[in-house]
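# Topology and contacts: notes
So you can see what is in the structure, the chains are spelled out below.
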Amino acid sequence: MPNLARKRYVPYLPDFLSLCERNYAQLRFFLPRHQRPGQRCLIHINASESYQVELLELCKYTTTISIELISQSMSGWVKPRFEVRLYHDARLAEVLACQQVRQFKAVYSYPNVDMLLPDEKRQINLLLRDWLNLCSRRGYQNTGLLA
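This section reports on the structure supplied with the text. All values derive from a computational prediction rather than experimental measurement. (Residues numbered from 1 in each chain as written. Predicted model: local features only at pLDDT ≥ 70, side-chain atom pairs only at ≥ 80, totals over all residues. Heavy atoms only, no water.)

### Overview of the overall build of the protein chain
- Secondary structure assignment for the protein chain yields two helices and seven strands.
- The burial tally for the protein chain puts 37% of its 147 residues in the buried class.
- Taking all contacts inside the protein chain whose residues are at least 6 apart in sequence as the whole, residues at least 24 apart take part in 45%.
- Just so you have it, the protein chain exposes about 9,400 Å², and 54% of that area is on carbon and sulfur atoms. (Helix = DSSP H or I, 4+ residues; strand = E, 2+ residues; numbered from the N terminus. Buried < 20%, exposed > 50% of the residue type's maximum accessible area, 1.4 Å probe, protein only. Contact = heavy atoms within 4.5 Å. Areas by Shrake-Rupley, 256 points an atom, 1.4 Å probe, with all protein chains shown as cover.)

### Details of the pairing of strand β2 (residues 49–58)
- Pairing between strand β1 (residues 40–44) and β2: five bridges, direction antiparallel. Pairing of Arg-40 across the sheet is with Glu-54, part of β2.
- The antiparallel pairing of β1 with β2 creates a hairpin that spans four residues between the two strands.
- The loop that links β2 with its antiparallel partner strand β3 (residues 62–71) comprises three residues. (Pairing = 2+ DSSP bridges.)

### Considering the nonpolar core
- Ranked by internal contacts, the top residues of the largest apolar core, which has 23 residues, are Leu-27, Ile-65, Ile-67, Val-84, Leu-86, Leu-128 and Trp-131.
- The set of elements that each furnish at least two residues to this core consists of α1 (13–27), β1, β2, β3, β4 (81–87), β5 (92–98) and α2 (120–138).
- Sort the elements by how many residues they give to this core and α2 lands first, with five residues.
- In contact with Val-84, other than residues within four places in its own chain, are Leu-27, Thr-63, Thr-64, Ile-65, Ile-67, Ala-93, Glu-94, Val-95, Leu-96 and Leu-128. (Core = buried A, V, L, I, M, F, W, Y, C linked by side-chain atoms within 4.5 Å.)

### Re the pattern of salt bridges
- Taken as a whole and judged by the stated rule, the model has five salt bridges.
- With a shortest N-O distance of 3.7 Å, Arg-81 and Glu-68 are connected by a salt bridge. You can see Arg-81 sitting in strand β4 and its partner Glu-68 sitting in strand β3, a full 13 residues away along the chain.
- Lys-121 is paired through a salt bridge with Glu-94; the nearest N and O atoms lie 2.8 Å apart. Of this pair, Lys-121 sits in helix α2 while Glu-94 is found in strand β5, placing the two residues 27 residues apart along the sequence. (Salt bridge = Lys/Arg side-chain N within 4 Å of Asp/Glu carboxyl O.)

### Describing unusual backbone geometry
- At Arg-91, a position not held by glycine, the phi torsion is positive, near 55°.
- Mapping Arg-91 onto the fold places it in the loop between β4 and β5.

### Concerning the environment of Leu-31
- Looking at the secondary structure, you find Leu-31 in the loop between α1 and β1.
- For Leu-31, a relative accessible area of 12% corresponds to the buried category.
- In sequence terms Leu-31 and Glu-54 are 23 residues apart; their C-alpha atoms lie 8.8 Å from each other.
- Residues in contact with Leu-31, not counting those within four places in the same chain, are Val-53, Leu-55, Ile-65 and Leu-86.

### Points about the pairing of β5
- The element β5 is largely enclosed, with a buried count of seven among its seven residues.
- In terms of strand pairing, β4 meets β5 through six bridges, oriented antiparallel. Within β5, the residue paired with Val-84 across the bridge is Val-95.
- Linkage of β4 to β5, two consecutive antiparallel strands, is achieved through a turn of four residues, within which Arg-91 is found at a positive phi near 55°.

Right, dumping it as structure tokens:
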């Protein structure tokens, strides 16, 4: 009889930090040069969809931003939304919230009530990486400040 017991997920910190470093390096290009809290800019995807990047908090060593899809065709609860903190001294970007989930644990037991993956924190940072890669590859332009 085969052993069907699952191995417990153990995060590999160097891999996670490398992912956060790459996200920070790419995310810098989508932020305005002269930053102030409340400042927003748009990244156009097509005629009816754009992403809004808003500076939520600006501190000496960190910046917190939100990234949200602005679309006429999607309802509010389906729209992708990230909250990301950039750590300038360490040059890392980490997703703090995605959709309605905040403060991710490093590891979740599985199955769990919220049906989060054992490596949910890593997965949402991979999702941010994929979004950044899409914007970089397609050449979507930051359309400037919305104040």
